[in-house]
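What follows is each chain in one-letter form.
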Amino acid sequence: MHSAMSPASPPWRFRLIALTVLSLVVVVAVLVRAAAARTRDTTARAQLLGELRRLDDQQAAWDARHGTFARQFGATENDTTLAFTPTPGVELRFEASVPGGWSAIATSDRLLAAPRRCGIYRGPPAAAPHRALSAPGAVVCW
């Protein structure tokens, strides 16, 4: 006699349920991974914005003490160098090419999606390193 339910071959209903559960697990895994990447990008971008605001605060204090903006930043302060060390993982390019103004662009290798650069400037509009920066002191990402 031949049994209707052979242990070597599960019934088609069981296969369908197993494939459905497996599909749901894969979809949930993909969604979790996408959410983690988005959270990581949001955190990294917030870190860039914070660094630029911190630099802006220190430049304002420098301007109040010296009557002009610092021309560069470094590990130690002197007559033209602002003591400023970016947080690890943040690359900061500081520019002071316009008289009476300065600008900075921050990037991070932790960002996976655009926008990947953020910037700020003070002084005349010519100091802005990118057209997305429309107002002095505004931190904008592009």
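Residues numbered from 1 in each chain as written. Predicted model: local features only at pLDDT ≥ 70, side-chain atom pairs only at ≥ 80, totals over all residues. Heavy atoms only, no water.

Participant: So what exactly am I meant to see when it comes to the environment of Arg 54 here?
Facilitator: Position of Arg 54 among the secondary structure elements: in helix 1 (residues 12-66). Of the residues examined, Arg 54 reaches a relative accessible area of 30% and is grouped as partly exposed. On a C-alpha basis, the gap between Arg 54 and Gly 74 in space is 14 Å, while along the polypeptide they are 20 residues apart. Apart from residues lying up to four places away in sequence, Arg 54 is in contact with Phe 84, Thr 85, Pro 86 and Thr 87. Among the polar contacts listed, one links the side chain of Arg 54 to the side chain of Glu 51, at a separation of 2.9 Å. (Helix = DSSP H or I, 4+ residues; strand = E, 2+ residues; numbered from the N terminus. Buried < 20%, exposed > 50% of the residue type's maximum accessible area, 1.4 Å probe, protein only. Contact = heavy atoms within 4.5 Å. Polar contact = N/O pair within 3.5 Å; in protein donor to acceptor, adjacent residues only side chain to side chain.)

Participant: How should the side chain of Arg 45 be read in this particular structure?
Facilitator: Among the secondary structure elements, Arg 45 is positioned in helix 1. Buried Arg 45, no salt bridge; nearest opposite-charge side chain is Asp 41, N-O distance 4.3 Å. Leaving out residues up to four positions away in the same chain, Arg 45 has contacts with Leu 111, Ala 113, Ala 114, Pro 115, Cys 118 and Cys 141. (Lys, Arg positive; Asp, Glu negative; His and termini not counted. Salt bridge = Lys/Arg side-chain N within 4 Å of Asp/Glu carboxyl O.)

Participant: Explanation requested: the nonpolar core in the structure shown.
Facilitator: In globular proteins that are soluble, nonpolar side chains generally tend to be buried together. In terms of nonpolar packing, the biggest core is built from 21 residues, with Leu 52, Leu 55, Leu 92, Trp 102 and Ala 104 touching the most fellow members. Taken together, the elements giving at least two residues each to this core come down to helix 1, strand 3 (90-95), strand 4 (102-108) and strand 5 (117-122). In terms of residue count, helix 1 provides more of this core than any other element does, 6 residues in total. Discounting chain neighbours no more than four positions away, the residues touching Ala 104 are Leu 52, Leu 55, Leu 92, Arg 93, Phe 94, Cys 118, Gly 119 and Ile 120. (Core = buried A, V, L, I, M, F, W, Y, C linked by side-chain atoms within 4.5 Å.)

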